[in-house]
Amino acid sequence: MAPSRSPLNRRSIVEAMTELLGPRAVETGDEQLKAASVDRFRKYTSVHGIYDGPIPGAIVYPSSTADVAAILRFAEENLVNVVPRTGGTATEGGLETVVEDSLVVDGSRMNAILSIDPVDMMATVQCGVGLQELEDTLRAQGLTTGHSPQSKPLAQLGGLVATRSIGQFSTLYGGIEDMVVGLESVFPGGTVTRIKNVPRRAAGPDIRHVIIGSEGALCFITEVTVKLFRYQPENNRYFGFLVDEFANGIDALRDLITAGYRPSVCRVYSPEDARQHFAGFYQGKNVVVLVAEGPEGIANATAEAIEELFAGRPHERVDSGLIRQWFENLNWGQDEIDAEKAAMLENAHLGFTTEVSVSWSRVSELFDCVMSRIRGEFPRAGDLTMLGAHSSHSYQTGTNLYFVYDYTIRCSPREEIEVYHKPLNAIIVTEALRLGGSMVHHHGIGKYRTPWVRQEHGSAYYLLSTLKHAFDPEGVMNAGTIFPLEPGASAYESAR
């Protein structure tokens, strides 16, 4: 596994960072360091003030690419583990510190919108720019990134790219990997790389994807250029339908997508999941949600296809205004997170998720098998207060399933993750892999899903581990993220 602590002591690390960046860029407060040691922002132990993991030595706030390069040069020379952070809304443990006296490198002060180009349809920003701020700025000019994850009020561009995030309108606009044009990033030792902004090229492998989704395990993203679209909300058309079977909803999505239509939103919710979103009208049924978006002609053609699709299928119609209202209140900001934390303390209750992807032909089987196994095998099934799923991101070849589970906690805070989340997560992941799907659709591997990373990639794990070998030879970048830590091995050796 990774070394239990940096070869340098905490005082030496803090002194070096203070000299390098200045005292205002170095945070050493006990509460701040404890909070920085976890990233599951709804983590039950941290809500109770319990921080059992290694505590970082400092949080540092670079203000430029040159600062980041200097930090990573110091880290490699002194074998100090670095945990890159921009945004802090991760859920899979990728930001948690597993090495004592790690450096948490927070890019949130690198928050300049560098350029907006309405001719070439690109925006270039520093890593710490908030997605909400960028969207507000763009929409005032009639533009949008098309990216709208639920974490939009809190998310920052560097973290979105690092975790290969996806947004609620992905069926039309794609995931973040489809939006990124070019990147700047810093690798261990301080090497700065810039991938230029071009529409497309065939100059070897697409090296953007060395960086997109790297989760801070290879480099620190400092600058991002994303493509832009025209913002035309006046053309949006909202649809909601109730269907009797989850499989019926999935079949409808498949028929629409494979016919060539791209509604921006394309979802189906199981009754259990629908209850928490659509309690006023779901009637115990599965809910299909669709949004037609884009230029008027395209939005109208998509809307007509949706009408024709459901005209030939048993369904009940939902008022479009209810669907629109739901979308306008879907995103989570700090107020919602704080309210959920308060509810956890008051009720000893927690909700969590595991999202996977699978081909169309196996979607219903995956849903049925997961539901059956959890209800029949999970020893604490009686503590579940909700178990459901929804499909929210669809493609020509398949879709994702976003499993949701809520439970009453009848154990100590320290035991919660082992007693509840890990076994539930394991059932979902192993069923997805068994059926030829992916163990993760958009939350990233982090540290929580590393037990299955070799099974996920098979013989292609050689490609992934070679990247770690080449770009992080000393193993100083985010130990334990993506690449599982092995007993008795260094962070670098674990990735081989």
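Relevant structure appears above.
Residues numbered from 1 in each chain as written. Predicted model: local features only at pLDDT ≥ 70, side-chain atom pairs only at ≥ 80, totals over all residues. Heavy atoms only, no water.

Enquirer: Explanation requested: the sheet that holds strand β2 (residues 58-60) in the structure shown.
Expert: Within the open sheet, the 4 strands sit side by side as β1-β2-β4-β3. Their pairing is mixed. The strands lining the two open edges of the sheet, one partner per strand, are β1 (26-27) and β3 (82-85). Along the sheet face, helix α4 (residues 65-78) touches β2, β3 and β4 (103-106) and points at about 165° away from the line of β4. (Pairing = 2+ DSSP bridges. Helix = DSSP H or I, 4+ residues; strand = E, 2+ residues; numbered from the N terminus. Contact = heavy atoms within 4.5 Å. Axes fitted to C-alpha atoms, helices over the stretch in contact; angles between N-to-C directions.)

Enquirer: Quick question: what am I supposed to make of the pattern of salt bridges here?
Expert: If the charged atoms of two oppositely charged side chains come close together, the side chains can form a pair. Across all of its chains, the model carries 27 salt bridges by this definition. Between Arg11 and Glu15 there is a salt bridge, with the nearest N and O atoms lying 3.1 Å from each other. You can see Arg11 and its partner Glu15 sitting in helix α1 (residues 10-21), 4 residues apart, about one turn around the helix. Judged by relative accessible area, which is 64%, Arg11 ranks as exposed. Linking Arg194 and Glu184 is a salt bridge whose minimum nitrogen-to-oxygen distance equals 2.9 Å. With Arg194 in strand β9 (residues 191-195) and Glu184 in strand β8 (residues 180-187), this pair connects stretches of sequence that are 10 residues apart. (Salt bridge = Lys/Arg side-chain N within 4 Å of Asp/Glu carboxyl O. Buried < 20%, exposed > 50% of the residue type's maximum accessible area, 1.4 Å probe, protein only.)

Enquirer: Can you walk me through the sheet that holds strand β14 (residues 286-292) in this structure?
Expert: The strands making up a sheet are joined through hydrogen bonds of the backbone, oriented either antiparallel or parallel. Strand order in the open sheet formed by 7 strands is β15-β12-β14-β13-β17-β18-β16, and the pairing between neighbours is antiparallel. Looking at strand neighbours, the two that pair on one side only are β15 (316-318) and β16 (349-359), the edges of this open sheet. Recorded for the sheet is a direction-independent mean angle of 20° between the axes of neighbouring strands. With 7 bridges joining them, strand β12 (residues 237-243) and β14 adopt antiparallel strand pairing.

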